[in-house]
Amino acid sequence: MKKVKKLVIGNWKQNPSTHTDASEIFKGIAKKAHTFTNVTTVVCPPFVFIDKLSAGYSGSSIYFGGQDVSFEKSGAHTGEISAAQLYSIGCDYVIIGHSERRAAGERDESVNKKIKIALEHKLTPVVCIGESERDSHGKYLSHLRNQIAKALKGVKEKDVLQVVIAYEPIWAIGKTGKDAITPQKLHETSLFIRRVLLETFSKKVGMSVTILYGGSVKPMNARELLEEGEVSGFLVGGASLDAGQFISILETAHNI
Ligand code: PGA
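Residues numbered from 1 in each chain as written. Predicted model: local features only at pLDDT ≥ 70, side-chain atom pairs only at ≥ 80, totals over all residues. Heavy atoms only, no water.

Caption draft 1: Looking closely at the overall build of the protein chain. The number of helices and strands found in the protein chain is 11 helices and eight strands. For 256 residues, the compact-globule estimate of 2.2 N^0.38 gives 18 Å, and the C-alpha radius of gyration of the protein chain, at 17 Å, lies within 12% of that figure. When its C-alpha atoms are laid out on the principal axes, the protein chain stretches across 50 × 45 × 35 Å. Burial statistics for the protein chain: of 256 residues in total, 52% are counted as buried. (Helix = DSSP H or I, 4+ residues; strand = E, 2+ residues; numbered from the N terminus. Rg over C-alpha atoms; globule rule 2.2 N^0.38 Å. Buried < 20%, exposed > 50% of the residue type's maximum accessible area, 1.4 Å probe, protein only.)

Caption draft 2: Looking closely at the nonpolar core. Counting 67 residues, the largest nonpolar core has Ile-29, Ile-115, Leu-152, Tyr-213 and Phe-234 as its most contacted members. If you tally residues by element for this core, the top one is helix H11 (residues 243-255), at six residues. Setting aside its immediate chain neighbours within four residues, Tyr-213 contacts Tyr-167, Pro-169, Ala-172, Ala-180, Ile-181, Leu-186, Leu-225, Val-231, Gly-233, Phe-234 and Leu-235. Listed in part, the 12 residues of the second largest apolar core include Val-42, Val-126, Cys-128 and Ala-166. (Core = buried A, V, L, I, M, F, W, Y, C linked by side-chain atoms within 4.5 Å. Contact = heavy atoms within 4.5 Å.)

Caption draft 3: Seen up close, the environment of Gly-75. Mapped onto the secondary structure, Gly-75 falls in the loop between strand S3 (62-66) and helix H3 (83-88). According to the relative accessible area criterion, Gly-75 is exposed, its value standing at 62%. For the pair Gly-75 and Met-220, spaced 145 residues apart in the sequence, the C-alpha separation amounts to 45 Å.

Here it is in structure tokens:
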């Protein structure tokens, strides 16, 4: 059976502190990434490091992504980075609506605008959704449904097919491998997300949109989450800053 290509994205967040360190981590990943041909590897460094890293990279197996994007095309928006600017420095992906950005004030409405502008500029939006806690009544499911509906409001079906959904339960982010979601719960949630996409758009969308998991993905849990979790890859935070750990996750994804 032909293996489906996995997608593994490293989100470096506000790390590391210097370009020298960023370059070290990147080199460590680049040394091996080309051998994992069953995986699409993406790194999302802080904006300030992307240009130099991408200009200095002669390989073709690592893609770059931004960690956020402005919903405005250009103009007087101090501190913002546009989709065109990201594309011009070698980005193909952009993370949108990460829970840390939502905690800093990001709203569903701006997530929606950012997805549209990213798509217009040929960037693949990696749209983060996730509940802060799980209740026994399933309220978190309505929360996820709501986030998906608001994020993708007005996005055409053919464009939704380009979107990547990263399911990142907030309670599992930034912890140890033992605190990640269980493969069983991930499986159920992934199927739920597919059902919402199917009901909102079409069977094709429900079946083919790429769904990733994020939240304390480490070398120790990557295999079971991928084998049993019904996802196509990961959005990795902490472990993506350690080239050895990130490579180990890429290798696991490559071999499944
Ligand atoms: P984590 O971060 O892997 O450190 O939990 C994931 C994320 O926030 O994208």
